[in-house]
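Chain residues, written in single-letter form:
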Protein chains: 4
Amino acid sequence: MSSVTGKNIRLSVFGESHGEAIGCVIDGLPSGVKLDFDRIYADMARRAPGRDKTSTPRLEKDIPHILSGMLGDKTTGAPLAMVIENTNTKSGDYDNIMTVPRPSHSDYPAYVKFGGNNDIRGGGHFSARLTAPLVFAGAVAKQILETKGVTVGAHIKQIGSVSDTPFDKNGVTKEQLLDLSSKSFSVIDPDAEDKMRGEIEKYRLDLDSVGGIIECAAVGLPVGAGGNIFDTVEGRLSQILFGIPAVKGVEFGLGFDFAKSNAKAVNDCYEVVDGKVALKSNNNGGVLGGMTSGAPLVLSVAIKPTPSIAAPQDSVNLQTMENTTLEIKGRHDPCILPRAVPVVESAVALGILDILSE
Amino acid sequence: MSSVTGKNIRLSVFGESHGEAIGCVIDGLPSGVKLDFDRIYADMARRAPGRDKTSTPRLEKDIPHILSGMLGDKTTGAPLAMVIENTNTKSGDYDNIMTVPRPSHSDYPAYVKFGGNNDIRGGGHFSARLTAPLVFAGAVAKQILETKGVTVGAHIKQIGSVSDTPFDKNGVTKEQLLDLSSKSFSVIDPDAEDKMRGEIEKYRLDLDSVGGIIECAAVGLPVGAGGNIFDTVEGRLSQILFGIPAVKGVEFGLGFDFAKSNAKAVNDCYEVVDGKVALKSNNNGGVLGGMTSGAPLVLSVAIKPTPSIAAPQDSVNLQTMENTTLEIKGRHDPCILPRAVPVVESAVALGILDILSE
Amino acid sequence: MSSVTGKNIRLSVFGESHGEAIGCVIDGLPSGVKLDFDRIYADMARRAPGRDKTSTPRLEKDIPHILSGMLGDKTTGAPLAMVIENTNTKSGDYDNIMTVPRPSHSDYPAYVKFGGNNDIRGGGHFSARLTAPLVFAGAVAKQILETKGVTVGAHIKQIGSVSDTPFDKNGVTKEQLLDLSSKSFSVIDPDAEDKMRGEIEKYRLDLDSVGGIIECAAVGLPVGAGGNIFDTVEGRLSQILFGIPAVKGVEFGLGFDFAKSNAKAVNDCYEVVDGKVALKSNNNGGVLGGMTSGAPLVLSVAIKPTPSIAAPQDSVNLQTMENTTLEIKGRHDPCILPRAVPVVESAVALGILDILSE
Amino acid sequence: MSSVTGKNIRLSVFGESHGEAIGCVIDGLPSGVKLDFDRIYADMARRAPGRDKTSTPRLEKDIPHILSGMLGDKTTGAPLAMVIENTNTKSGDYDNIMTVPRPSHSDYPAYVKFGGNNDIRGGGHFSARLTAPLVFAGAVAKQILETKGVTVGAHIKQIGSVSDTPFDKNGVTKEQLLDLSSKSFSVIDPDAEDKMRGEIEKYRLDLDSVGGIIECAAVGLPVGAGGNIFDTVEGRLSQILFGIPAVKGVEFGLGFDFAKSNAKAVNDCYEVVDGKVALKSNNNGGVLGGMTSGAPLVLSVAIKPTPSIAAPQDSVNLQTMENTTLEIKGRHDPCILPRAVPVVESAVALGILDILSE
């Protein structure tokens, strides 16, 4: 199992939900880049739980502590290490016997993989809490990308039966992305937030949860970044995106809607605009032959309903090997989408920075 | 740009559509594995063009020539190198000036990336012809996987408006997968082939092309293979799957259908069956927390309509920077799906073998 | 620049000499391995400065703080993260202008590489202090290797004009290695320590420093680990060994003495001993064709004299670009060899564990 | 086992001594670089056997056949694949039972590693013949390095008791390196060739072989290439250099002579020359803190005596597990050094190109 990724910008993520701390090491960053930590904390706050009814009321004080790689407000070029202390740790509390795995969670395969030695408290290393260092790293990547003229942003495209206005694939702008990135509930259509909150509340009251889709875009990319076969922009971003818990699908441009499409309708033709080559449409989501086309990068990720729900569920007791009913205590997000927006932005920003760093 | 992939089983693919040859080197294979080359050729024939009206009538004699790594019919453990000669090469014919890029192809970004030096004849290294070595490598991987009890197979789930019966995610069997892998037009519903051929013919007559979805499954996987964060089964397979030209989306289990789902309906609960842990459903497509769950692996890939169509399209002349109309000569697949089935199987088989080799 | 290494066991090292902290993340460790931290601390103490006149009198309290990857005294299989706080940090003290680079140090190339943004205080990320996390990781690796029957140990083979008895290449034992690993001044010949200390003292009094050779061995290795061409045991270990500051040469078995040798004298012939294949000699240092031969692994590393000496040296002022004389303040090791023994052991242990983990 | 190396320029080597062919794929090359194949063939001829009494009289026609990655005389940026047919293959001759392993060869560990399935004819994938594709790749790398102002060259520093004049570490020039690279017996001192040939002949007549040292240098490198800890110039080059059969040691600058040196004598001080920083000496061989210092890169590799000698040697019969005497038939190089010079140059050129490609 590897929690390390990246070819040029290497991210190593560590920590367990109820261990001492979580954190990350980012290796390969350029030196001399000024970082605005308030903006980094803002992204981390967007991911943090407890802001409103749509997310879990647990209180986490996720204050990233920088250990290395910075001198004053600039990167030194050495590995940037960051730690967030866990405040929910009770020392000596090693009651760690997996009895009843939560359905649709990592519990059961992790139990088999690690022979019962993994830390199961709060999901251990598989906890969604591990997305906090990912957001930290992504927020750093976003600021470095800005020095290259690249902006990344995302919004909630769908929750259950409620949809937001999708990106105009060929017209998305830097301003729109920055605006979305500044929101705690990122939607394009101003009416979508209330409808989506209503949808979430409906499932919450039913002790249930609901899934959705997050759409992410990036503008300012050069033409020809990435490569074909095993080095495609799509493949490299997906490898990171599927590292976000609950992500079960990734598509670029029209994605699965290509299935019912014909080339005459969806081919992205060219035209000369201001003496430059431009695409007349962007159904390919900014990637052609695995390389950036110059049009905005547009992708969507499918996120499953939070598997932790309050309603009783069928499971098995792994010690007695008998059927049983599981009731998960505590309160969990009835919908992870609002908090997952900065996580998706981060994964995309990290992947793009890695691609542009060669 | 990298045409090398894999951590434990490393595949290096080379070749250009109109160059001397295409081929691959597979590094890290176990020694002493008996390979049945007739079955490898059969998979390559499933991918090869020219079998019927649904595919391009060009004649390719894709005979793989083994250069190393085999002694008699067994692997030696040294790199397995394979070459397929290109028969459409005209030596000395280096007229290689990119003038009008084909819409939705790699042409334009490749022109920018390689400064006009890449071989553009037939798409060069970006040609779908490069999937031939991928199918070779995948066919080898499938036979090695069989020694581990793992079987991979795929079918055309959808072409345009026509759908095949999808896999029963929790009930797909080895026999079903082997049967699908033996077909040249892989569908589950016997009626689907004619309907799909009709759909393709409709677009062909209109000088157009159509997209679709291929669904792939694998059975016999152990529990706990893969890992979380940056080592998920989903991420590792996607990185390879997006290397297949025209693939624009990858989803596992319900994938994008999770967006409108609630946990009560889609969580995969557990039960004890014959003294073992079993899943009562498999909406997660055999992957939980990035690891195999023991249920069949089930994934789908979205494939866009072949961008090369006979109808005239808007493009630009890169030499004069003027708008122009492009008419692509020759005949092309009005639908790539039937030939892409063994390619998807191969990508999945390679990815699984790499994951199981650690 | 990368501070990440390893294929199966990935080590990411971070920190700067005068930053907040140094540490490491070890990714890919097996789960359920019991670790004795007293033994880990003992190895770290062997590396730590300030024990006697042969090393710098600076006081470092290098207490490793475990952040993740352990539950009680066992590994969980998740990344093992460790942090050591720097106590010599003065917050706000960012006077970081490189004026006069120390001869034979990283100062000048680092200044050029990082455009003056790297943390130069104490050498920053290039400080030998970064070997502390390496020793931590190596001490963990040594304990995991013990569960596989492999033991690693090293001694000071030479300092200046004084030599220790070299390993009997075909007769080195586990007991000998464990004994050497328990010493703070590791030599085989009991008389060597005093002579070497005398040699060091001679250079110290002359405001000078002296180099030497460390010889390292490992026993209990299986036959056939490693591989040829780009995966040799020699190449993989060297890549890590050259990461130790001041290491300028690595040789296996007779190494550079092979240059004046003939095959009749140095070929390692075979014989049957107790029904098994044995080597009659081990001039190849336990590696044949890049793979372990079953004989003890024996290698030597050359270490240059500590470049930081009290005597004045010629250098340049990088701000004014004028010649100048540099006098390095503070006190430094007149010979790094005694402290470098556990560092070499650690690099070898890490490399072997990575090789055996596939 | 991996025959793939490199981070940015990835080389995959394949083939077995008596298989169909040997060759390589170089992935990640820049596009549009004009290659002079006559110069590539010249380097390959320097490595090829049969030129005179110092090398084996076997006739090999090592004509590299380019399969992809070139268009006319320029690189396309796609993988550059090359094949050399083996002419000594007898089809159907699969008599492959390892009975008596050759001392100091890969035979025995390979037998254990591959369970007897590896191709043992001529050493299989472990044959020194596999250095032919390495020289091809290195010759390509050398031409690309020239476009960056970097020149690589090597000479025989020592054979048995005979030494050549070593490089003036701080004064080696491009012209000297080009001159050495053009020779079939590369020495600096014009008298050294005859003496070395005499030394070799002495051992040849005694049915024996002799080892030696090759010294390699590179000039024109920028300051600050490479990096510290696990990314040092020394470590990256060593990882490739140890892939050359018979290499048992690698040292940079003074290397093992540092052991008896003191800092006052060997520290490389700085001075301003023509307004630029210059080193007054180059005992570190052009690498400081793992990075290039701007001075010439100077390294040496130790090469053991060719283990294949005509004299009878002790070995064991692996089938009967009895002691036996082995007499190796055929004729072999009594000294590999003259042919190994271009191989060392190639390994260094490839490593430098990989380092400079980031």
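As a reminder, the structure under discussion sits directly above these lines.
Since this is a predicted model, take the numbers as computed values, not measurements.

Caption draft 1: Local environment of the overall build of chain A. Helix and strand content of chain A: 8 helices and 18 strands. Relative to a compact globule of 358 residues, whose C-alpha radius of gyration would be 21 Å, chain A shows 21 Å and is just as compact. Taken over the C-alpha atoms alone, chain A extends approximately 70 × 50 × 40 Å along its principal axes. Out of the 358 residues belonging to chain A, those deemed buried represent 66%. The long-range fraction of contacts in chain A, counting pairs at least 24 apart against all pairs at least 6 apart in sequence, stands at 72%. Accessible area of chain A: about 11600 Å², with a carbon and sulfur share of 50%. In chain A, 36 side chains carry a positive charge and 43 a negative one; their mean positions are 1 Å apart.

Caption draft 2: Quick peek at the relation of the copies chain B and chain A. Of the transformation superimposing chain B on chain A, the axial component is 0.0 Å and the angular component is 180°, with the fit at an RMSD of 0.0 Å. Overall, the copies show the geometry of a two-fold rotation axis. Most of the interface of chain B is mirrored in chain A, where 100% of its interface residues are also at the interface.

Caption draft 3: Spotlight on the pairing of strand 2 (residues 10-15) of chain B. All names here are of chain B. In terms of burial, strand 2 is a largely internal element, 6 of the 6 residues being buried. Where strand 1 (residues 4-5) folds back on strand 2, the antiparallel hairpin that results is connected by 4 residues, among which Gly-6 adopts a positive phi of roughly 100°. The sheet contact formed by strand 2 and strand 3 (residues 21-27) spans 6 bridges and is antiparallel. Looking across to strand 3, one finds that Gly-15 is bridged to Ile-22.

Caption draft 4: Highlighting the sheet that holds strand 10 (residues 212-219) of chain A. Taken together, the 10 strands give an open sheet; going across it, the order is 9(A)-8(A)-10(A)-16(A)-11(A)-11(B)-16(B)-10(B)-8(B)-9(B), and neighbouring strands pair in antiparallel fashion. Single-partner strands in this sheet number two, and they are strand 9 (162-163) of chain A together with strand 9 (162-163) of chain B. Two elements, strand 8 (residues 151-159) of chain A and strand 9 of chain A, share 2 bridges in a ladder whose sense is antiparallel. The partner of A:Ile159 across the bridge, within strand 9 of chain A, is A:Val162. Set on the sheet, helix 4 (residues 174-181) of chain A makes contact with strand 8 and strand 10 of chain A; between it and strand 8 of chain A the angle comes to about 65°.

Caption draft 5: Highlighting the packing of helix 1 (residues 37-47) of chain C against helix 8 (residues 337-356) of chain C. Residue and element names in this part refer to chain C. Interaxial distance between helix 1 and helix 8 falls to 7 Å at its minimum, and their mutual angle equals 135°. If you check the angle between helix 1 and helix 8, you find them oblique. Residue-level contacts link Asp-43, Arg-46 and Arg-47 of helix 1 to Pro-338, Arg-339, Val-341, Pro-342, Val-343 and Glu-345 of helix 8. Looking at side-chain class alone, the contact of helix 1 with helix 8 contains 4 nonpolar, no polar and 5 charged residues.

Caption draft 6: Here's a closer look at the pairing of strand 3 (residues 21-27) of chain A. Residue and element names in this part refer to chain A. With 7 of its 7 residues buried, strand 3 lies for the most part within the structure. Along strand 3, one buried face is formed by Ala-21, Gly-23, Val-25 and Asp-27 and the opposite face, lined by Ile-22, Cys-24 and Ile-26, is buried too. Counting the residues between successive antiparallel strands, the hairpin from strand 2 (residues 10-15) to strand 3 contains 5 residues. In this sheet, strand 7 (residues 80-85) lies alongside strand 3 in antiparallel orientation, the contact comprising 6 bridges. Looking at strand 7, one finds that Gly-23 is bridged to Val-83.

Caption draft 7: Local environment of the pattern of salt bridges. Applying the stated criterion across every chain, the model contains 92 salt bridges over all chains. In this structure, the salt-bridge partner of A:Arg102 is A:Asp107, at a minimum N-O distance of 2.8 Å. Between C:Arg39 and C:Glu146 there is a salt bridge; the shortest N-O distance is 2.5 Å. Taken together, the positions of C:Arg39 in helix 1 and C:Glu146 in helix 3 (residues 131-146) put the pair 107 residues apart, joining distant regions of the chain. Judged by relative accessible area, which is 34%, C:Glu146 ranks as partly exposed.

Caption draft 8: Looking closely at helix 1 (residues 37-47) of chain D. When we look at burial in helix 1 of chain D, the residues that qualify are D:Phe37, D:Ile40, D:Asp43, D:Met44, D:Arg46 and D:Arg47. Backbone nitrogen of D:Asp38 and a side-chain oxygen of the N-cap are separated by 3.0 Å at the start of helix 1 of chain D; the cap is D:Asp36.

Caption draft 9: Region of interest: the state of the cysteines. Residue and element names in this part refer to chain A. Under the defined criterion, the tally for this structure stands at 0 disulfides over all chains. Summary of cysteine pairing: Cys-335 is not part of a disulfide, and the nearest cysteine sulfur, belonging to Cys-216, is at 17 Å. Residue classification places Cys-335 among the buried residues on the basis of a relative accessible area of 1%.

Caption draft 10: Here's a closer look at helix 4 (residues 174-181) of chain D. Residue and element names in this part refer to chain D. Residues Leu-177, Leu-180 and Ser-181 constitute the buried set of helix 4. The arc enclosing the buried residues of helix 4, seen along the axis, measures out at 100°, which places them on a common side. Contacts from the buried residues of helix 4 go to helix 1, helix 3 (131-146), strand 8 (151-159), strand 10 (212-219) and helix 8 (337-356).

Caption draft 11: Summary view of the environment of A:Leu288. Inspection of the secondary structure puts A:Leu288 in strand 14 (residues 287-288). The class for A:Leu288 is buried, based on a relative accessible area of 1%. Considered as a pair, A:Leu288 and A:Ile22 are 266 residues apart in the sequence and their alpha carbons are 38 Å apart. A:Leu288 has contacts with A:Tyr270, A:Leu279, A:Ser293, B:Ser104, B:His105, B:Ser106, B:Pro109 and B:Lys304, leaving out every residue within four places of it along the chain.

Caption draft 12: Structural view of the nonpolar core. In terms of nonpolar packing, the biggest core is built from 156 residues, with C:Phe136, C:Leu297, C:Ile352, D:Phe136, D:Leu297 and D:Ile352 touching the most fellow members. In this structure, C:Ile352 is in contact with C:Leu145, C:Val150, C:Val152, C:Ala218, C:Leu221, C:Leu237 and C:Leu297, ignoring residues within four places of it in sequence. Judged by nonpolar contacts, the second largest core, of 155 residues, contains A:Ile200, A:Ala347, B:Leu80 and B:Leu297.

Caption draft 13: Spotlight on the sheet that holds strand 3 of chain B. Taking strand neighbours across the sheet as the criterion, the 5 strands line up as 1-2-3-7-4 (chain B) in an open arrangement whose pairing is antiparallel. Unpaired on one side and paired on the other, strand 1 and strand 4 (65-68) of chain B mark the two borders of the sheet.

Caption draft 14: Region of the structure containing the packing of helix 6 (residues 233-241) of chain D against helix 8 of chain D. Residue and element names in this part refer to chain D. The N-to-C vectors of helix 6 and helix 8 enclose an angle of 135°; their axes lie 9 Å apart at closest approach. By the angle class used here, helix 6 and helix 8 are oblique. Crossing of helix 6 over helix 8 shows right-handed handedness. Where helix 6 abuts helix 8, its residues Val-233, Arg-236, Leu-237, Ile-240 and Leu-241 lie against Val-344, Ala-347, Val-348, Leu-350, Gly-351, Ile-352, Asp-354 and Ile-355. Residue composition of the contact of helix 6 with helix 8, grouped by class: 10 nonpolar, 1 polar and 2 charged.

Caption draft 15: The arrangement of unusual backbone geometry in detail. Residue and element names in this part refer to chain B. Even without glycine at this site, Met-321 takes up a positive phi of about 55°. Its location among the elements puts Met-321 in the loop between strand 17 (313-317) and strand 18 (322-326). Of the residues examined, Met-321 reaches a relative accessible area of 27% and is grouped as partly exposed.

Caption draft 16: Spatial organisation of the interface of chain B and chain A. In this assembly, 102 residues from chain B lie in contact with 102 residues from chain A. Note on chain B versus chain A: buried area summed over both sides is about 7800 Å², and carbon and sulfur give 63% of it. The largest contributions to the chain B side of the interface with chain A come from B:Phe230, B:Lys248 and B:Tyr270, which together make up 12% of the buried area. Run the count over chain B and chain A and you get 6 salt bridges. Close ionic contact of A:Lys280 with B:Asp314 constitutes a salt bridge, the shortest N to O distance being 2.7 Å. Our enumeration of links across chain B and chain A arrives at 47 residue pairs in polar contact (both at pLDDT 80 or more).

Caption draft 17: Up close: the side chain of D:Glu234. Relative to the elements of secondary structure, D:Glu234 occurs in helix 6. Overall, the relative accessible area of 4% leaves D:Glu234 in the buried class. In this structure, D:Glu234 is in contact with C:Phe242, C:Val247, C:Lys248, D:Phe252, D:Val287 and D:Gly290, ignoring residues within four places of it in sequence.

Caption draft 18: Fine view of the side chain of C:Thr306. If you trace the backbone, C:Thr306 turns up in the loop between strand 16 (297-303) and strand 17 (313-317). The buried category is assigned to C:Thr306, whose relative accessible area is 13%. Those residues in contact with C:Thr306, other than ones at most four positions away along the chain, are C:Ser209, C:Asp333, C:Pro334, C:Cys335, C:Ile336 and D:Ala263.

Criteria and cut-off values
- Residues numbered from 1 in each chain as written.
- Chains lettered and ligands numbered in written order.
- Predicted model: local features only at pLDDT ≥ 70, side-chain atom pairs only at ≥ 80, totals over all residues.
- Heavy atoms only, no water.
- Helix = DSSP H or I, 4+ residues; strand = E, 2+ residues; numbered from the N terminus.
- Rg over C-alpha atoms; globule rule 2.2 N^0.38 Å.
- Buried < 20%, exposed > 50% of the residue type's maximum accessible area, 1.4 Å probe, protein only.
- Contact = heavy atoms within 4.5 Å.
- Areas by Shrake-Rupley, 256 points an atom, 1.4 Å probe, with all protein chains shown as cover.
- Lys, Arg positive; Asp, Glu negative; His and termini not counted.
- Charge placed at Lys NZ, Arg CZ, Asp CG, Glu CD.
- Least-squares fit on C-alpha atoms with pLDDT ≥ 70 in both.
- Pairing = 2+ DSSP bridges.
- Axes fitted to C-alpha atoms, helices over the stretch in contact; angles between N-to-C directions.
- Parallel < 35°, antiparallel > 145°, perpendicular 65-115°, else oblique.
- Nonpolar A, V, L, I, M, F, W, Y, C, P; charged D, E, K, R; others polar.
- Salt bridge = Lys/Arg side-chain N within 4 Å of Asp/Glu carboxyl O.
- Polar contact = N/O pair within 3.5 Å; in protein donor to acceptor, adjacent residues only side chain to side chain.
- Disulfide = S-S within 2.5 Å.
- Arc of directions from axis to C-beta.
- Core = buried A, V, L, I, M, F, W, Y, C linked by side-chain atoms within 4.5 Å.
- Left-handed = near helix turned anticlockwise from the far one by under 90°.
- Buried area = accessible area lost by both parts, 1.4 Å probe.

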